[in-house]
Amino acid sequence: MRNALMLSSLVLGLVACEEKSTKMTLGADQGGSTCALTADTLAGTEWLFLKANPDKTEVPEHSTRLKFYDEGGKLKARYNVGSVADMYTYNCEKKGVEQICKEEPKTKDWCQALLAGGAECTAESLRAIDANLTDDEIKKAIEEATANVAKYKDKPEWKSFMLNNNNLGNKLQGLLYVKVDEKTCRIRVTDNYMTIYNGKRVEDSNPAGTNPFVKNEMGELLWEHCTNPVDLVALTSADWPEKPEEVTTVIKHAAGSTVHYWNLAKDTLAPVEGCSYSYDVWQDGKPVKKGLSPGLDATGATPRLKWLYSHTWNEPSPTLQGSVTTFVITATCDDPKKLGEGWKDGKRVACNAVLIQ
């Protein structure tokens, strides 16, 4: 069985705090110009977490990045919460001088958390968490959560179910509070999440906490969410694996060695008549190669697409999060129905993390 993205063994928490500095800050407004940025003009802007170093210098970090965009006249945000592979979508609403951005409600999960914490899950209790929930959303959430709770109630698994659904680390909704700092022409972000503990709504802080973000001046960055952390495998050979379905990714590699990344998702290997394919390669959130075309390998029983990218990592991974490679795969077909369920709008996003030592 292939390993999923091994973040549990490759993760260090991201902790940063804002410190006053008399030294130059990268990304700060040094020219004294008037800032045209407001809470109403965030759409189309990209922002990077401003890390405070022990020597009181401050450096933008793209490993925690935030993007605002307009969709149908509504402000939305894409934010990775410091993750190496995940990207989350938030809906934003202006209140006073700040934008409050929230992930879509997970009403079934909210209902389960209420029930696991000994509270009732009703229309009133759900609307106390989000007054904008519709009757249909509430009805569906109650029905699904109640049925799921019934599977575990009074059974040996009930204690585990309660622990999973009633704990302060159960992140049920991402929340961002964004204010514009006109003096420095940057934004100040409070990165929180909402959970339900012992039947009560609670907010807590994500690792980014409350900190400044500065405009992205690094160029193009990855804003795709990794939907497949399993089928992009890192191997030591550029030869086709004899049994692709049994391949296990090699997590640790020596600096200076070449890592061969193979996309082995079963439903992407067989070429489909009337479809053309391409893929872009990103590493640690930055573009590496774009517009690659998979080769066609005919050495097997049937022709198959060869999704391969080889890369030599010359330096050790900067942190235990490892070094992350992402394939953004695109298929264009004369009939979109030819693509399977694993494709969304003709696209797939696969990722892999390795530790270079």
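Further up the page is the structure itself.
This one's a predicted model, so the numbers in the text were calculated from it and none came from an experiment.

A. Structural view of the overall build of the chain. Per the secondary structure count, the chain includes four helices and 18 strands. For 357 residues, the compact-globule estimate of 2.2 N^0.38 gives 21 Å, and the chain sits close to it at 23 Å. Considering only C-alpha atoms, the chain reaches an extent of 65 × 60 × 40 Å along its principal axes. Among the 357 residues that make up the chain, the fraction classed as buried is 45%. Across the chain, contacts joining residues at least 24 apart in sequence account for 64% of those joining residues at least 6 apart. With the model as given, the accessible surface of the chain reaches about 18800 Å², and the carbon-plus-sulfur share is 51%. Measuring between centres, the 43 positive side-chain charges of the chain sit 2 Å from its 49 negative side-chain charges.

B. Molecular detail of the state of the cysteines. In the structure shown here, the tally under the stated rule is five disulfides. The disulfide partner of C92 is C101, and the S-S distance across this bridge is 2.1 Å. An S-S torsion of about 105 degrees defines the bridge between C92 and C101 as right-handed. Per residue, the accessibility class of C92 equals that of C101, and both read buried. Bridging C111 to C121, the disulfide has an S-S length of 1.8 Å. Here the S-S torsion is close to -125 degrees, and the disulfide linking C111 with C121 is therefore left-handed. Of this pair, C111 sits in helix α1 (residues 107–116) while C121 sits in the loop between α1 and α2 (123–127); the two residues are ten residues apart in sequence, bridging distant segments of the chain. Like C111, the residue C121 is buried in the burial classification. Each bonded cysteine in the chain gets a number by its place in the sequence, and the pairs come out as 1-6, 2-3, 4-5, 7-10, 8-9.

C. The arrangement of the packing of α1 against helix α3 (residues 135–152) in detail. Packing of α1 against α3 leaves a shortest axis separation of 8 Å and a crossing angle of 50 degrees. Judged by the inter-axis angle, α1 sits oblique to α3. Read as a crossing pair, α1 and α3 show a hand that is right-handed. From α1, T107, K108, C111, Q112 and L115 reach across to α3, where they touch E137, A141, I142, E144, A145, T146, N148 and V149. In terms of residue class, the contact of α1 with α3 is built from six nonpolar, four polar and three charged.

D. How the structure looks around the pairing of strand β6 (residues 173–181). When strand β5 (residues 98–102) meets β6, the two strands line up antiparallel, connected through five bridges. From the neighbouring strand, K102 faces β6, where its bridge partner is L175. In the sheet, β6 pairs with strand β7 (residues 186–197) via nine bridges, with the strands oriented antiparallel. Each residue of the ladder has a partner; that of Y177, found in β7, is T190. The turn linking β6 back onto β7 is made up of four residues, and C185 within it adopts a positive phi angle of 55 degrees.

E. The arrangement of the nonpolar core in detail. In terms of nonpolar packing, the biggest core is built from 29 residues, with Y261, W262, Y277, W307 and F327 touching the most fellow members. If you list the elements that add at least two residues to this core, you get β9 (232–235), β11 (258–263), β12 (275–283), β16 (308–312), β17 (323–333) and β18 (347–356). What W262 contacts, discounting residues up to four positions off in sequence, is D231, L232, V233, L235, S237, A238, D239, W240, P241, K306, W307 and L308. Residues W47, L66, F68 and Y90 belong to the second largest nonpolar core, which totals 19 residues.

F. The arrangement of the packing of aromatic side chains in detail. Taken as a whole and judged by the stated rule, the model has ten aromatic pairs. With 5.2 Å between their ring centres and 35 degrees between their planes, Y279 and F327 make a pair best called tilted. Note that Y279 is positioned in strand β12 and F327 in strand β17, a separation of 48 residues in sequence. Taken as a pair, Y279 and F327 share a single burial class, namely buried. Aromatic rings pair up to connect Y277, Y279, W307, F327 and W343 into one cluster.

G. Focus on the environment of W223. Its location among the elements puts W223 in the loop between β8 (200–215) and β9. In sequence terms W223 and V149 are 74 residues apart; their C-alpha atoms lie 36 Å from each other.

H. Representation of the environment of G342 in the model. Its location among the elements puts G342 in the loop between β17 and β18. Overall, the relative accessible area of 35% leaves G342 in the partly exposed class. The spacing of G342 and L175 is 167 residues in sequence and 29 Å in space, taken between C-alpha atoms.

I. The arrangement of helix α4 (residues 158–165) in detail. Those residues of α4 not exposed but buried are W158, F161 and N165. For α4, the arc enclosing every buried residue in end-on projection is 60 degrees, short of the 170-degree limit, so these residues lie on one face. For α4, the exposed residues set more than 90 degrees away from the buried face come down to K159 and L163.

Rules behind the numbers
- Residues numbered from 1 in each chain as written.
- Predicted model: local features only at pLDDT ≥ 70, side-chain atom pairs only at ≥ 80, totals over all residues.
- Heavy atoms only, no water.
- Helix = DSSP H or I, 4+ residues; strand = E, 2+ residues; numbered from the N terminus.
- Rg over C-alpha atoms; globule rule 2.2 N^0.38 Å.
- Buried < 20%, exposed > 50% of the residue type's maximum accessible area, 1.4 Å probe, protein only.
- Contact = heavy atoms within 4.5 Å.
- Areas by Shrake-Rupley, 256 points an atom, 1.4 Å probe, with all protein chains shown as cover.
- Lys, Arg positive; Asp, Glu negative; His and termini not counted.
- Charge placed at Lys NZ, Arg CZ, Asp CG, Glu CD.
- Disulfide = S-S within 2.5 Å.
- Axes fitted to C-alpha atoms, helices over the stretch in contact; angles between N-to-C directions.
- Parallel < 35°, antiparallel > 145°, perpendicular 65-115°, else oblique.
- Left-handed = near helix turned anticlockwise from the far one by under 90°.
- Nonpolar A, V, L, I, M, F, W, Y, C, P; charged D, E, K, R; others polar.
- Pairing = 2+ DSSP bridges.
- Core = buried A, V, L, I, M, F, W, Y, C linked by side-chain atoms within 4.5 Å.
- Phe/Tyr/Trp six-rings, centres within 6.5 Å; stacked < 30°, edge-to-face > 60°.
- Arc of directions from axis to C-beta.

By themselves, these are just geometric observations and shouldn't be taken as functional.
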